[in-house]
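# Architecture and fold: a report
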Amino acid sequence: MSAPALTAARAGLIRCGDCELLSRAPQSGGNLSCPRCGATLHQRKPNSIQRTWALLIAAYILYIPANLLPMMVTTSPQGTANDTIMSGVVYLLSSGSWPLALLVFLASITIPLAKLVSLTFLAWSVQRRSTWQPEHRARIYRMVEIVGRWSMLDVYIVTIMAGLVQMQPLAAIDAGPAAIAFGAVVVLSLLAANSFDPRLIWDPLGDHDD
Amino acid sequence: MIVGMAPRALLACPDCDLLQREPEPADRTVVTCARCGSVLYRDTPDTVDRTLAFALGASVLFIVANAFPIVGMTIEGRSNTVSLPGALVALWHQDMQLVAGLVGLTTLLAPGLVLAALLYLVLPLHFGRQPPGVPLILRTLDSIQPWGLVEVFMLGLLVSLVKLEMYAKVVPGVALWAFGALLLVFTAMAAAFDPRSLWARIGTARSGAGR
Ligand SMILES: [Zn+2]
Ligand SMILES: [Zn+2]
């Protein structure tokens, strides 16, 4: 177990991303399709880092309007109230349900930002071919994949409330423009996590072992 | 050391590319990568029959969850109910087509397609037949599955119920219970389904005489 790790790439093999079959990598470096399922084989996801960066930057930009614009617009005879994600959390807190406030705060503010920062760190560390704590970074990537989906929470809350509370002129709740920006952040960061190839974390290791 | 082994006995980790030997069958139920700890595969016996049972149950729940109201409320004598398709239509009319599309994709389209694809695969397999186009269906499943967010939607339902309670009296509808049950059956179905064994069948089918 102390010998340098033998990866599929070093053994001249390619793992099919769809059906997991191992095939011999072509000598010429051209494209090969999987003999079992026909999918195009890649040693690593193509342009992984560039695509991850592009999606991350777009997500960071949209994270700003997602938090500044109103997420929910409440109309009643008393007037119109705009709620951003943060003021929605504050409202929950002031009405006494702090566990709920904490849940929405985690899902809508902490998780999306933590996901973007984690992916930024991973992309940066891979780009400079870091060999620091690969197990730790692999764990960060797995966390991003598992936890990231929960950031859709607030979009669903707004969907139900805007669908139900349509009793004009007594009370009406509409989704605000932040819902679009926020949904886009969720989709972009999901795609960014998808285009990141976690095998790149481990690739620089062999260079030093040998 | 590893050179000369049959390629079938080798596995490459999807997350770190480490080559490793497939352990003996029934050695462990969950096989994890020796280097990075990611799950390589889970031992899933009777995958076809169990997936079929859960998929049939999930289909019934899926229809109920979408056909009936999730929640109703009354404000000063005026009442209203909402179902998931109804909420999507309401979003659409509030000029939130993108949000309606995203919510529809993650709560309706993706779970619905996953159900349809699984039934298409395991129903004929249960009767000993291989349906045409298995690679295409498995590939579609693989790309659509991450977009199904039923469990997040369920939590969103619960939070919105509590929030709505602050405005007025709310009455949970049939679809709320159906969504809760759907979440459980969906989780069991995902755990029962093993694409590896279906890919392996294709391998044997191709190397065999027939198709
Ligand atoms: Zn393949
Ligand atoms: Zn691994």
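Look up a bit, the structure's there.
What this report covers is the structure whose coordinates are included nearby. This one's a predicted model, so the numbers in the text were calculated from it and none came from an experiment.

If you tally the helices and strands in chain B, you get seven helices and seven strands. Helices and strands in chain B line up, N terminus first, as β-β-β-β-α-β-β-α-α-α-α-β-α-α. Within chain B, the proportion of its 211 residues that are buried is 48%. Expressed as a percentage of contacts within chain B between residues at least 6 apart in sequence, the contacts between residues at least 24 apart total 60%. In the structure as shown, chain B presents an accessible area of about 10,400 Å², 64% of it carried by carbon and sulfur atoms.

Residues and elements named next belong to chain B. Within the protein, the atoms that donate to the zinc ion (ligand 2) are Cys13 (SG), Cys16 (SG), Cys33 (SG) and Cys36 (SG), at distances of 2.2 to 2.4 Å. Around the zinc ion (ligand 2) sit four donor atoms; with metal-centred angles ranging over 103 to 113 degrees, the donor geometry is tetrahedral. When the donor residues of the zinc ion (ligand 2) are listed from N- to C-terminus, their spacing reads C-x2-C-x16-C-x2-C. Linking Cys16 in the loop between strand E1 (10–12) and strand E2 (19–21) with Cys33 in the loop between strand E3 (30–32) and strand E4 (39–42), this pair joins segments that are 17 residues apart in sequence. Considered together, Cys16 and Cys33 belong to a single accessibility category, that of buried residues.

Let us now look at the coordination of the zinc ion (ligand 1). Residue and element names in this part refer to chain A. Taken together, Cys16 (SG), Cys19 (SG), Cys34 (SG) and Cys37 (SG) make up the protein donors of the zinc ion (ligand 1), found 2.2 to 2.4 Å from the metal. Coordination geometry of the zinc ion (ligand 1): the four donor atoms subtend angles of 104 to 116 degrees at the metal centre, consistent with an arrangement described as tetrahedral. Read in sequence order, the donor residues coordinating the zinc ion (ligand 1) give the pattern C-x2-C-x14-C-x2-C. Of this pair, Cys19 sits in the loop between strand E1 (13–15) and strand E2 (22–24) while Cys37 is found in the loop between strand E3 (32–33) and strand E4 (40–41), placing the two residues 18 residues apart along the sequence. According to the relative accessible area criterion, Cys19 is buried, its value standing at 2%.

Let's shift gears to the sheet that holds strand E7 (residues 169–172) of chain B. An order of E6-E5-E7 (chain B) is seen for the three strands of this open sheet, with the pairing classed as antiparallel. Strands at the two margins of the open sheet, each flanked by one partner only, are strand E6 (78–82) and E7 of chain B. Put simply, the sheet's adjacent strands are angled 20 degrees from each other on average, direction ignored. Together, strand E5 (71–75) and E6 of chain B form the strand contacts of helix H5 (residues 153–164) of chain A, whose direction differs from that of E6(B) by roughly 140 degrees.

What follows deals with the pairing of E4(B). In terms of strand pairing, E3(B) meets E4(B) through three bridges, oriented antiparallel. Its bridge partner lying in E4(B), B:Thr32 is registered against B:Val39.

Thresholds applied
Residues numbered from 1 in each chain as written. Chains lettered and ligands numbered in written order. Predicted model: local features only at pLDDT ≥ 70, side-chain atom pairs only at ≥ 80, totals over all residues. Heavy atoms only, no water. Helix = DSSP H or I, 4+ residues; strand = E, 2+ residues; numbered from the N terminus. Buried < 20%, exposed > 50% of the residue type's maximum accessible area, 1.4 Å probe, protein only. Contact = heavy atoms within 4.5 Å. Areas by Shrake-Rupley, 256 points an atom, 1.4 Å probe, with all protein chains shown as cover. Donors = N, O, S within 2.8 Å, 3.2 Å for Na, K, Ca; no water. Tetrahedral: all angles 85-135°; square planar, octahedral: opposite > 155°, others 65-115°. Pairing = 2+ DSSP bridges. Axes fitted to C-alpha atoms, helices over the stretch in contact; angles between N-to-C directions.

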